[in-house]
Amino acid sequence: MNNKSPANSIFDGFKNNAMSKLGVTKLLSQSFSPNFGGGSSSKPGHAASADDVSAAASSHHHHGGSSSTASATEHLLHKDIAAVAQGGWNVTKSLMNVKADEDHDRCQSLIELNKEPPAVPSEKVGQINFGLEYDYQQNTLILRIIAAKDLPAMDLSGTSDPYVRVTLLPDKKHRLDTKVKRRTLNPRWNETLYFQGFTMQKLHNRTLHLHVFDYDRFSRDDSIGETYIELNNVDFTAKPVFWKDLTAPLKDKCGHLLTSLSYNPMTNNLTLGIIEARNLKAMDINGKSDPYVKVWLHVGDKKVEKRKSMVFKCNLNPIFDEKFEYTLPVEQLREAALEVMVMDFDNIGRNELIGKITISSNKNATGQLEAQHWKDMLSKPKQSVEYWHRLKPE
């Protein structure tokens, strides 16, 4: 049976180590607080120092003991280690707690690192279903607007009020609209529209343009998406029916911006991360832009604070990786908004707007996705919530 005390076990381990006992003594004197140790130190409660070792060696020699300084060192070291072992359990517990905290933080960091980044939004904004016929006797194009699906939400309620505007390009004067379908992302129209007085020869020089809008009673209707079909490629005798992808109009394609939001209610700290942008609209004659981001914090109707990012020269896919922090009391969250503008820097003229979004939970949000981003931030305090946003034109 092993009857060695913890101090003896530790001491034996040190004896077998290549480190000198004097070096170990110095290590002990530097590593533990004055509450540990004691023994032969000239000051009660302190670990033995090199000077103590020398003094002890002289004393030991004077009383006829071994003249070896190492023996005196061993004697003092044994006492110090015994004192350390006596209080060692408290140290061990503290170290275990620290390690547990470090492991938890490390796990959280690994979770953040391994988290799938949000995907860049597709250029597709839903699909539209329609059919085509031709009345040869009446020289009339018959267009049946059947339905649409997977339209984006344009209103803060999470829905849209879609209708379809149909034009035979390049003659924009021949334009017809369907009825508005309220509060739906998958509308069914089943409406038939007639374009009279178009011979087949005339139709072969026309392009059918279907443009889906979101109706707004108090402001300009928002564009949802559009599709084109060249009529000279259509076999009207087959009375074809199509499902076509809708894409954002070219003039509305400003690019996408990846942002993050976090809010700490304990410190009233709101953090906006401007991470990166993709496929920004080219604003310069060289087919590039010099983008930077300008952010205004609004509280109610007041502009409170402005921040700007660095400028990236000749870059349509900049990685900003910047964070802006604001102090915002909890009671102001309901009426706060972040207006985020991607600008094109110009050395000579005025800086131009590439596209913008407003992230908020109130009516100032520029879309349902922007409102949802704000709500997700509030539901996950102290966590960073990332969203890709489609930039809107002025």
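Criteria and thresholds
Within each chain, residue numbers correspond to sequence positions counted from 1 in written order. Selection of residues for local features in this predicted model requires a pLDDT of at least 70, selection of side-chain atom pairs for listing and counting requires 80 or more, and totals for whole chains, interfaces and linings are taken over all residues. Excluding hydrogens and water, the side-chain figures rest on all heavy atoms present in the structure. We count a stretch as a helix when DSSP gives it H or I for four or more residues in a row; a strand needs E for two or more, and each element gets its number in order from the N terminus. For the exposure calls, accessible area comes from a 1.4 Å probe over protein chains only, and a residue counts as buried if that area is under 20% of its type's maximum, exposed if over 50%, partly exposed in between. Pairs of residues are marked as contacts when any of their non-hydrogen atoms sit within 4.5 Å. All accessibility values rest on the Shrake-Rupley procedure with a 1.4 Å probe; residue burial counts only the protein chains present in the view. Note on pairing: DSSP must find at least two bridges between two strands before they are called paired. Axes here refer to lines fitted to C-alpha atoms; in helices the fit is confined to the stretch in contact. Angles between the N-to-C directions go from 0 to 180 degrees. Working definition: rings of Phe, Tyr and Trp (its six-membered ring) pair if their centres are within 6.5 Å, and the pair is stacked with planes under 30 degrees apart, edge-to-face with planes over 60 apart, and tilted otherwise. Working rule: Lys NZ or Arg CZ, within 6 Å of ring centre, within 35 degrees of ring normal, means a charge sits over the ring. pLDDT expresses how confident the predictor is about each individual residue, on a scale running from 0 to 100. Salt bridges are defined by distance alone: a side-chain nitrogen of Lys or Arg within 4 Å of a carboxyl oxygen of Asp or Glu. In this analysis, the expected span of each helix is defined as 1.5 Å times one less than the number of residues it contains.

## Observations concerning the overall build of the chain
- When helices and strands are tallied, the chain shows seven helices and 16 strands.
- When the 394 residues of the chain are sorted by exposure, 39% land in the buried category.
- Sequence separation of 24 or more characterises 62% of the internal contacts of the chain that already satisfy a separation of 6 or more.
- Total accessible area on the chain stands at roughly 22600 Å², and carbon and sulfur atoms take up 50% of it.

## Side note on unusual backbone geometry
- Between L169 and the following residue, P170, the backbone shows a cis peptide bond with an omega angle of 10 degrees.
- Although it is not a glycine, R183 sits at a positive phi angle of roughly 50 degrees.
- Residue classification places R183 among the exposed positions, given a relative accessible area of 62%.
- With a phi angle near 55 degrees, N279 is a residue other than glycine that sits in the positive phi range.
- Mapped onto the elements of the fold, N279 is located in the loop between β10 (269-278) and β11 (291-299).
- Exposure remark for N279: the relative accessible area of 48% places this residue in the partly exposed category.

## Here's the deal with the sheet that holds strand β9 (residues 256-264)
- The sheet built from four strands is open, its strands ordered β13-β10-β9-β16 with antiparallel pairing. Every other strand in the sheet has two partners, leaving β13 (319-327) and β16 (385-390) as the edge strands with one partner each. Recorded for the sheet is a direction-independent mean angle of 20 degrees between the axes of neighbouring strands.
- As paired elements, β10 and β13 share seven bridges and run antiparallel to each other. Residue pairing in the sheet places L272 in a bridge with F324 of β13.
- Strand contacts of helix α7 (residues 368-379): β9, β10 and β16, with the helix running at about 175 degrees to β16, the strand carrying the most contacts.

## Re the sheet that holds strand β15 (residues 352-360)
- Across the sheet, four strands lie side by side as β12-β11-β14-β15; this open sheet has antiparallel pairing. Every interior strand has two partners, whereas the edge strands, β12 (302-308) and β15, have only one. For this sheet the average axis-to-axis angle between neighbouring strands, irrespective of direction, equals 20 degrees.
- Across six bridges, the pairing between β11 and β12 is antiparallel. Counterpart to H298 in the pairing with β12 is K303.

## Notes on the packing of aromatic side chains
- Scanning all chains against the criterion turns up five aromatic pairs.
- Seen from the ring of F198, K202 lies directly overhead, with NZ or CZ sitting 4.9 Å from the centre.

## Description of the confidence of the model for the chain
- Confidence in the prediction for the chain averages 80 pLDDT; 69% of positions are at 70 or higher.
- Every residue in residues 9-50 is under pLDDT 50, and counting partners more than four places away or in other chains gives 62 contacts.
- The model gives residues 53-68 a pLDDT under 50, and that stretch makes 14 contacts with residues more than four places away or in other chains.

## Thoughts on the pattern of salt bridges
- Considering all chains together, one arrives at seven salt bridges under this definition.
- The salt bridge involving K356 is made with E339; its shortest N-O contact spans 2.9 Å. Of the two residues, K356 is situated in strand β15 and E339 in strand β14 (residues 336-344); the sequence distance between them amounts to 17 residues.
- Overall, K356 belongs to the buried group, its relative accessible area being 16%.

## Points about α7
- For α7, with twelve residues, the first-to-last C-alpha span of 16 Å sits near the 16 Å given by 1.5 Å per residue.
- Here α7 has its buried residues at E370, A371, H373, W374, D376 and M377.
- Check the buried side of α7 and you find it contacts β9, β10, β14, β15 and β16.

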